[in-house]
Amino acid sequence: MERISQNYQFSCEYYDSLAKEQKERISVEMLYNAICHFRDMGEQEIVKFLMELPEEEYSSLEKNFRTIRRTVKEMVEEITEGGSFDDIFKSGDIEDILFYQVSNDLSIE
């Protein structure tokens, strides 16, 4: 789970190291979501994969990731409104974990 829980700040820092043409195609949010989704791939592999995706597939994946991220944020908000929870709910890592599970069609436990 360590790989999944890398935060948005890491994605921003890695994004800053990308070449101009990579930044023109890949947004920091897309990179962040792709890192959460493709947890077994390294960041360089993810960037290469995203750069090589045909535009239509890239756009579809980006839209899908945005929808999943929005859904997961709503799930976490609903859960946390109900009371006190473990530190994982307070840390924000739960959102990335749930994003990974939902985006990979895994059961949520």
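Anyway, here's the lowdown on the structure attached to this text. (Residues numbered from 1 in each chain as written. Predicted model: local features only at pLDDT ≥ 70, side-chain atom pairs only at ≥ 80, totals over all residues. Heavy atoms only, no water.)

Counted residue by residue, helix 3 (residues 28-37) has nine buried out of 10 residues, so it is predominantly covered. Within the span of helix 3, buried status applies to Val28, Met30, Leu31, Tyr32, Asn33, Ala34, Ile35, Cys36 and His37. Tucked into the core, helix 3 has its buried residues touching helix 1 (8-16), helix 4 (43-52), helix 5 (55-81) and helix 7 (93-103). (Buried < 20%, exposed > 50% of the residue type's maximum accessible area, 1.4 Å probe, protein only. Helix = DSSP H or I, 4+ residues; strand = E, 2+ residues; numbered from the N terminus. Contact = heavy atoms within 4.5 Å.)

This part is about the environment of Ile97. For Ile97, the position within the fold is in helix 7. Here the alpha-carbon distance between Ile97 and Cys36, two residues 61 residues apart in the chain, equals 7.8 Å.

This paragraph deals with the pattern of salt bridges. Scanning the model with the defined rule gives six salt bridges in all. Here Lys48 and Glu52 are joined by a salt bridge, their closest N and O atoms 3.0 Å apart. With a gap of four residues between them, Lys48 and Glu52 both fall in helix 4, about one helical turn apart. In this structure, Arg69 engages Asp96 in a salt bridge whose closest nitrogen and oxygen atoms are separated by 3.0 Å. One end of the pair, Arg69, is in helix 5; the other, Asp96, is in helix 7, with 27 residues separating them in the sequence. Look at the salt bridges and you will find they share partners, linking Arg69, Lys73, Glu95 and Asp96 into a network. (Salt bridge = Lys/Arg side-chain N within 4 Å of Asp/Glu carboxyl O.)

Let's shift gears to the packing of aromatic side chains. Scanning all chains against the criterion turns up five aromatic pairs. Geometrically, the ring pair formed by Tyr8 and Tyr32 is edge-to-face, given 5.0 Å between the ring centres and 90 degrees between the ring planes. Separated by 24 residues along the polypeptide, Tyr8 in helix 1 and Tyr32 in helix 3 bring together distant segments of the chain. Taking 5.3 Å as the distance between ring centres and 70 degrees as the angle between the ring planes, the aromatic pair formed by Phe38 and Phe49 counts as edge-to-face. On the criterion of sequence distance, the pair formed by Phe38 in the loop between helix 3 and helix 4 and Phe49 in helix 4 is long-range, its members being 11 residues apart. (Phe/Tyr/Trp six-rings, centres within 6.5 Å; stacked < 30°, edge-to-face > 60°.)

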